[in-house]
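# Analysis of the macromolecular model
Residue-level listing of the chains:
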Amino acid sequence: MMLDTPNMTRPVIRQLDESAINRIAAGEVVERPASAVKELVENALDAGARRITVDYADGGKTLIRVTDDGCGMTADDLPLALSRHATSKIDGSDLLNIRSFGFRGEALPSLGAVGRLTITSRAEGFDGVSLTVEGGRMGALRPAALGRGTVVELRDLFFATPARLKFMRSDRAEMGAIADVVKRLALAEPHVGFTLRDVSGGGEGRVVFRADPENGDFFDALHGRLARVIGADFTDNALRIDLDREGMRLVGYAALPTYSRGSSVAQFLFVNGRPVLDKMLFGALRAAYMDVLSRDRHPAAVLNVICDPDRVDVNVHPAKAEVRFREPALIRGMFVSGLRLALTGAGHRASDTVATETLQAFRAEPMVPSAPPRIYQMDRPSQTSLSRAFAAQAPDFGFAEAPAARVEPARAEPDLTERPLGAARAQVHENYIIAQTARGMVIVDQHAAHERLVYERLKAQAAERGIAAQALLIPEIVELSVADAARLLDRAEELAELGLVIEPFGGTAVAVRETPALLGRVDAAALIRDIVDDLADLGASDRLKGRIDAVLSRMACHGSVRSGRQMRAEEMNALLREMEATPMSGQCNHGRPTYVELKLADIEKLFGRR
């Protein structure tokens, strides 16, 4: 509402012309060049394309060209495709049974209303045709030479609405957005080949991204595509997810907690193969890792929810970026329980990128480029020669200084060195355990490792006995809105299991009668309002459980082996064995690694032996 609203006359209702309607629709569908690329590539996928090439110039502002080898269109189809709400993907009888990317029939006429759009297409058994639309004005059909497929060329985006150009970001930023769109669609369709080229300045341009079609079943194809799009580090440290629940299926890959990122850039979520940016799904992903990551770290995952189309509504967002599930609690529960089950099944495993970073820290300073490479080479002596040399060099007097580490006698324990975390050999700086494995060595942070073990033990005990509640002498009354009170009371049984007992108190008020004893004195009203906000925003709340887990984590920290404590060989080996048997012991309560494994081959490289 404007502050200086003038005297208004009675408004007159007008019917907008077709050009204005298309420009308004373009404002919803085409926010920036990347939005146009998304719509055009999705059309190519719906046409059954196996290879798609996307060219752009100046961040997509002056040129976007999408070429595909799909089914193509005939001379009769082409003018109709540029009409509003004309589509081959649905018949209009059932708007929930949608199995294609597009279905509204708005993208092409909207693009033609705000730019210079030319479509050249040829269907099998028909002649090629071309049609141009500029600023909403359609030209005449022209014959064209083309193999089977379609080429859509969009030039001078927003030339018909120059005000929109003022809101465009830099060419580099728009290029990044286009690359992100293409990579997300490439992850959705691993059996389709994608090529992205920057043709600014003319010519063949520069290939920005290329992903050839992958072979094999879905998981094999997705694994290969992930290695190309995200990197081999992700696939090497990701867990395969394949979970069925009540007709819903969750498939994909989720990374180990120790392969966390500083932002959510490595989170790719799909619903029936459609890339989505749905806050409920992202919230469920975050909740699944809540127990193993600190708040400033983000999990990496590529996950696809597969379900019957009539159980999800994709027609709730102009760009189809958000969806609405018929059973959101089922989806959230499948995300959280399925991912936690996979993380638990990984046992003590930690990301191998931790070892890579450790080895890089050991690397010597880079050599001068002009200097010849150093060669470390020698004949390997026999074991007999080594034994004689060691005996000759062994001193027959004590050390001049106290040792920096305690060394345990290396007893013959082949059964322990064959275990995943090996046999303890030493403790250095009274905090780090050095263990020998059959293939290398392991360095364990004794405090972080034991903290995780104690934490898992406390959680198991809490789950078995329940969370004790403490009754308030005077119940605390919290006033809420009608909707918030209804949401909260619907979850009363779940909250009671966590020690928070609430009941209606007339009108829209809620009475808090008991709170979790672990939390001690708590601001019940603030806690209730935080939970209500979570329920309104995400449809669920893990806030109370998170606070209880935080208390258990602090208890585990104080009850674990402290840094600076000397441990006997038996204690160190017992700790290693318990780590092997405890789920998620590869990271501490905050997502940091509890151990680093160094392969013998990598250690030998450090010393020039390989």
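Residues numbered from 1 in each chain as written. Predicted model: local features only at pLDDT ≥ 70, side-chain atom pairs only at ≥ 80, totals over all residues. Heavy atoms only, no water.

### Quick look at the overall build of the protein
Our working definition: Each helix is a run of DSSP H or I of at least 4 residues and each strand a run of E of at least 2, with the numbering of both proceeding from the N terminus. Under the scheme applied here, a residue whose accessible area is under 20% of the maximum for its type counts as buried, over 50% as exposed, and between as partly exposed, the area being computed with a 1.4 Å probe on protein chains only. We call two residues contacting when some pair of their heavy atoms lies within 4.5 Å. Surface accessibility follows the Shrake-Rupley procedure with a 1.4 Å probe radius. Residue values consider only the protein chains on display as shielding.
Helices and strands together make up the secondary structure of the protein, namely 20 helices and 24 strands. Relative to its full complement of 610 residues, the protein shows a buried share of 45%. In the protein, 69% of the contacts between residues at least 6 apart in sequence involve partners at least 24 apart. When the accessible surface of the protein is totalled, it reaches about 32000 Å², and 53% of it is carbon and sulfur.

### A closer look at unusual backbone geometry
At D58, a residue that is not glycine, the phi angle is positive and equals roughly 55 degrees. D58 gets classed as partly exposed once you look at its relative accessible area, which sits at 31%. Even without being glycine, E246 reaches a positive phi, approximately 50 degrees. Among the structural elements, E246 can be located in the loop between β10 (238-245) and β11 (248-255). Given the relative accessible area of 60%, E246 is considered exposed.

### Some details on the sheet that holds strand β12 (residues 267-271)
In a beta sheet, neighbouring strands pair by backbone hydrogen bonds and run either parallel or antiparallel. Formally: If DSSP finds at least two bridges between two strands, the strands pair. Comment: axis = line fitted to C-alpha atoms, over the contacting stretch for helices; angle = value between 0 and 180 degrees taken between N-to-C directions.
Taking strand neighbours across the sheet as the criterion, the five strands line up as β10-β11-β14-β12-β13 in an open arrangement whose pairing is mixed. The sheet is open, and its two borders are formed by β10 and β13 (274-276), each paired with just one other strand. The sheet shows a mean angle of 20 degrees between the axes of neighbouring strands, direction not considered. Here β11 pairs with strand β14 (residues 301-306) via six bridges, running antiparallel. Bridging across to β14, V251 finds its partner in N304. Sitting on the sheet, helix α7 (residues 218-229) touches β10, β11 and β14, and the angle it makes with β11 is about 35 degrees.

### Observations regarding the sheet that holds strand β21 (residues 469-479)
A sheet is described by the order of its strands in space; here three strands give the open sequence β21-β23-β22, paired in antiparallel fashion. The sheet terminates laterally at β21 and β22 (501-504), the two strands that pair on one side only. Taking each pair of neighbouring strands and ignoring which way they run, the sheet shows an average axis angle of 20 degrees. The sheet contacts of helix α15 (residues 482-490) involve β22 and β23 (509-516), and relative to β22 the element is tilted by about 130 degrees.

### A closer look at the packing of aromatic side chains
The cut-off we apply is this: Within 6.5 Å between ring centres, the rings of Phe, Tyr and Trp (the latter by its six-membered ring) count as paired, and their orientation is classed by plane angle as stacked under 30 degrees, edge-to-face over 60, tilted in between. In this scheme, Lys NZ or Arg CZ marks a charge over a ring once it lies within 6 Å of the ring centre and within 35 degrees of the ring normal.
On inspection of all chains with the given rule, the structure shows three aromatic pairs. Seen from their ring centres, F218 and F219 are 5.5 Å apart, and the 75 degrees between their planes marks the pair as edge-to-face. Counting every residue linked through ring pairs, the aromatic cluster contains F218, F219 and Y253. Across from the ring centre of F219, 3.8 Å away, lies the NZ or CZ of R240, which sits over that ring.

### Comments concerning the nonpolar core
Rules: Remark: nonpolar core denotes a set of buried residues (Ala, Val, Leu, Ile, Met, Phe, Trp, Tyr, Cys) joined through side-chain atoms within 4.5 Å.
If you look at the biggest cluster of nonpolar residues, it comprises 60 residues, and the most contacted ones within it are V41, I52, F194 and F234. Per-element tally for this core: the top contributor is helix α6 (residues 171-188), with nine residues. In this structure, I241, L256, V305 and L339 belong to the second largest nonpolar core, which totals 38 residues.

### Here we look at the side chain of D68
Going by this rule: Under this rule, positive means Lys or Arg and negative means Asp or Glu; His and the chain ends count for nothing. By salt bridge we mean one thing: a side-chain nitrogen of Lys or Arg within 4 Å of a carboxyl oxygen of Asp or Glu. Polar contact criterion, stated in full: a pair of N or O atoms within 3.5 Å, where within protein one must be able to donate a hydrogen and the other to accept it, and residues adjacent in sequence count only if both atoms are side-chain atoms.
With respect to the helices and strands, the residue D68 is situated in strand β2 (residues 63-68). No salt bridge forms around the buried D68; measuring N to O, its nearest opposite-charge neighbour R148 is 7.6 Å away. In this structure the side chain of D68 is engaged in a polar contact, spanning 2.7 Å, whose partner is the backbone nitrogen of G70. What D68 contacts, discounting residues up to four positions off in sequence, is A44, A49, R51, I52, R148, G149 and T150.

### Re the packing of α6 against α7
For any two helices packed against each other, the geometry is given by the interaxial angle and the distance between the axes. As a reminder, the rule being used: Angles below 35 degrees are treated as roughly parallel, those above 145 as roughly antiparallel, those between 65 and 115 as roughly perpendicular, and all remaining angles as oblique. Two helices crossing with the near one rotated counterclockwise from the far one by less than a right angle form a left-handed crossing, whereas a clockwise rotation gives a right-handed crossing. Just so you know the grouping, Ala, Val, Leu, Ile, Met, Phe, Trp, Tyr, Cys and Pro go in nonpolar, Asp, Glu, Lys and Arg go in charged, and all remaining residues, Gly too, go in polar.
Viewed as axis vectors pointing N to C, α6 and α7 meet at an angle of 160 degrees, and their least axial separation amounts to 9 Å. One way to sum up the angle between α6 and α7 is to call them roughly antiparallel. By crossing handedness, the relation of α6 to α7 is classed as left-handed. Every residue of α7 that contacts α6 at K183, A186 and L187 is listed here: L222, R225, L226 and V229. Looking at the contact of α6 with α7 residue by residue, the class counts come to five nonpolar, no polar and two charged.

### A closer look at the side chain of N237
Turning to its location among the elements, N237 is positioned in the loop between α8 (232-236) and β10. Polar side-chain contacts of N237 include one of 2.7 Å to the backbone oxygen of D233.

### Things to note about the pattern of salt bridges
In total, this model carries 31 salt bridges according to the counting rule given. For the salt bridge of R65 with E153, the shortest nitrogen-to-oxygen distance reads 3.2 Å. Placement of the pair is R65 in strand β2 and E153 in strand β7 (residues 149-155), with a sequence separation of 88 residues. Across the pair E503 and R513 runs a salt bridge whose closest N-O atoms are separated by 2.4 Å. With E503 in strand β22 and R513 in strand β23, this pair connects stretches of sequence that are 10 residues apart. A relative accessible area of 29% places E503 in the partly exposed class. According to the relative accessible area criterion, R513 is partly exposed, its value standing at 31%. Among the charged side chains, a salt-bridge network with shared partners connects D55, R65, E153, R155, R197 and E204.

### Considering the pairing of β7
Residues in a regular strand project their side chains so that they alternate between the two faces of the sheet. Burial analysis of β7 places five of its seven residues in the buried class, which makes it a mostly covered element. Where β2 lies against β7, six bridges are found, and the strand directions are antiparallel. From the neighbouring strand, V66 faces β7, where its bridge partner is V152. Relative to β7, strand β3 (residues 116-122) runs antiparallel, the two sharing seven bridges. Bridge assignment links R122 to a residue of β7, and that residue is G149.

### A few points about helix α19 (residues 569-581)
Our working rule: In this scheme, a helix's expected span is set at 1.5 Å multiplied by one less than its residue total.
Here α19 is 13 residues long and its end C-alpha atoms lie 19 Å apart, about the 18 Å a rise of 1.5 Å per residue gives. When we look at burial in α19, the residues that qualify are A569, M572, N573, L575, L576, R577, M579 and E580.

### Observations concerning the packing of helix α2 (residues 33-46) against α6
Between α2 and α6, the shortest axis-to-axis distance is 8 Å and the interhelical angle comes to 25 degrees. Looking at the two axes, α2 sits roughly parallel to α6. The interaxial crossing formed by α2 with α6 has right-handed handedness. Each of P33, A34, V37, K38, V41, E42 and L45 in α2 lies in contact with α6, whose residues at this interface are E174, A177, I178, V181, V182 and L185. Each residue belonging to the contact of α2 with α6 can be placed in one class, and the counts come to 10 nonpolar, no polar and three charged.

Read these as spatial facts, not as claims about activity.
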